[in-house]
Amino acid sequence: MAFSKVSHVIFDMDGLLLDTEKIYKKTIGDVLAKYGKDYTWELRDMVMGTVEQDTAKILVNELNLPITDTEFRAECKASQKDSLRQAEFMPGAVRLVRHLSKHGIPIAVATSSGSESVQWKTSQPENKEVFSLFHHVVMGSSDEEVKNGKPAPDIFLVCASRFPDKPAPEKCLVLEDAPNGVLGARCAGMQVVMVPDDHVPEEKKKAATLVVKSLLDFKPELFGLPAFEN
């Protein structure tokens, strides 16, 4: 299969760069358990990749919780703070970021997280150093220019517009793990490489330009980017 050459790369953060989905699964699950509810895969699939406000709203409405979405979000954040500070990189993530940076490929992050949780996730020295290699980070939950969260295309279009040369969408490659993010990137007119969770069903992968099991399996040269040195 032939892919179009790109000049810029946009990374998702949770579940793609950082191994945080298990943290969200546990902390949200613990909060829901207080109200006698289970955090099923179907619910996780609904909210994966959405901005924090939408995540809370969806879960409160779907499960008819006896609290407001603002209260639910606050409860989750209180339990996530310490865990997110320990977030580690996904396999192949650091290698790819350093490789693209070394070769002068403009890179950025488009995450649905807000500024507070991004600060927690990047507080470790290694995390801080790696994230310093990105030109910018767009945080969907706290960025006023991002009017609609994933699966809307807003965050990816905003992210592209903040590169100094403002590349056209077709010149941007998005790396995502969540179906909502994949749909958003495609709606933005961008190619997207998906690194899905094992639970994602096949039909939810169909919108991706390419699906790989891990960032370790990603070949940048498929999209006209510098290949890894042997």
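What counts, and at which threshold
- Residues numbered from 1 in each chain as written.
- Predicted model: local features only at pLDDT ≥ 70, side-chain atom pairs only at ≥ 80, totals over all residues.
- Heavy atoms only, no water.
- Domains from an automatic or database assignment.
- Contact = heavy atoms within 4.5 Å.
- Buried area = accessible area lost by both parts, 1.4 Å probe.
- Salt bridge = Lys/Arg side-chain N within 4 Å of Asp/Glu carboxyl O.
- Buried < 20%, exposed > 50% of the residue type's maximum accessible area, 1.4 Å probe, protein only.
- Helix = DSSP H or I, 4+ residues; strand = E, 2+ residues; numbered from the N terminus.
- Phe/Tyr/Trp six-rings, centres within 6.5 Å; stacked < 30°, edge-to-face > 60°.

### Topic: the domain arrangement of the protein chain
- Parsing the protein chain into structural domains produces domain 1 (8-18 + 88-220) and domain 2 (20-85).
- Relative placement of domain 1 and domain 2: their C-alpha centres are 22 Å apart.
- Residue-level contacts link 25 residues of domain 1 with 20 residues of domain 2.
- Taken together, the two surfaces of domain 1 and domain 2 that pack against each other cover about 1,900 Å², and 51% of this comes from carbon and sulfur.

### Focus on the pattern of salt bridges
- All told, the structure shown has 17 salt bridges when counted by the stated rule.
- With a shortest N-O distance of 3.1 Å, Asp19 and Lys22 are connected by a salt bridge.
- Assessed through its relative accessible area of 24%, Asp19 is described here as partly exposed.
- Between Arg44 and Asp197 there is a salt bridge whose closest N-O contact spans 3.7 Å. Placement of the pair is Arg44 in helix H2 (residues 41-47) and Asp197 in the loop between strand S5 (191-194) and strand S6 (210-211), with a sequence separation of 153 residues.
- On the accessibility criterion, Asp197 (22% relative accessible area) is partly exposed.
- Members of the salt-bridge network, linked through shared partners, are Glu52, Arg73, Lys77 and Glu116.

### Observations regarding the packing of aromatic side chains
- Using the criterion set out here, one finds five aromatic pairs in the structure.
- On the basis of an interplanar angle of 25 degrees and a centroid distance of 5.9 Å, the ring pair of Phe89 and Phe131 is categorised as stacked. Residue Phe89 is located in the loop between helix H4 (69-84) and helix H5 (93-102), and its partner Phe131 is located in helix H7 (residues 125-131); the two are separated by 42 residues in the primary sequence. Considered together, Phe89 and Phe131 belong to a single accessibility category, that of buried residues.
- Relative to Phe134, the ring of Phe131 lies with its centre 5.6 Å away and its plane at 35 degrees, an arrangement referred to as tilted. Accessibility classification places Phe131 together with Phe134 in one group, the buried group.
- Three or more aromatic residues joined by ring pairs form one cluster here, namely Phe11, Phe89, Phe131 and Phe134.

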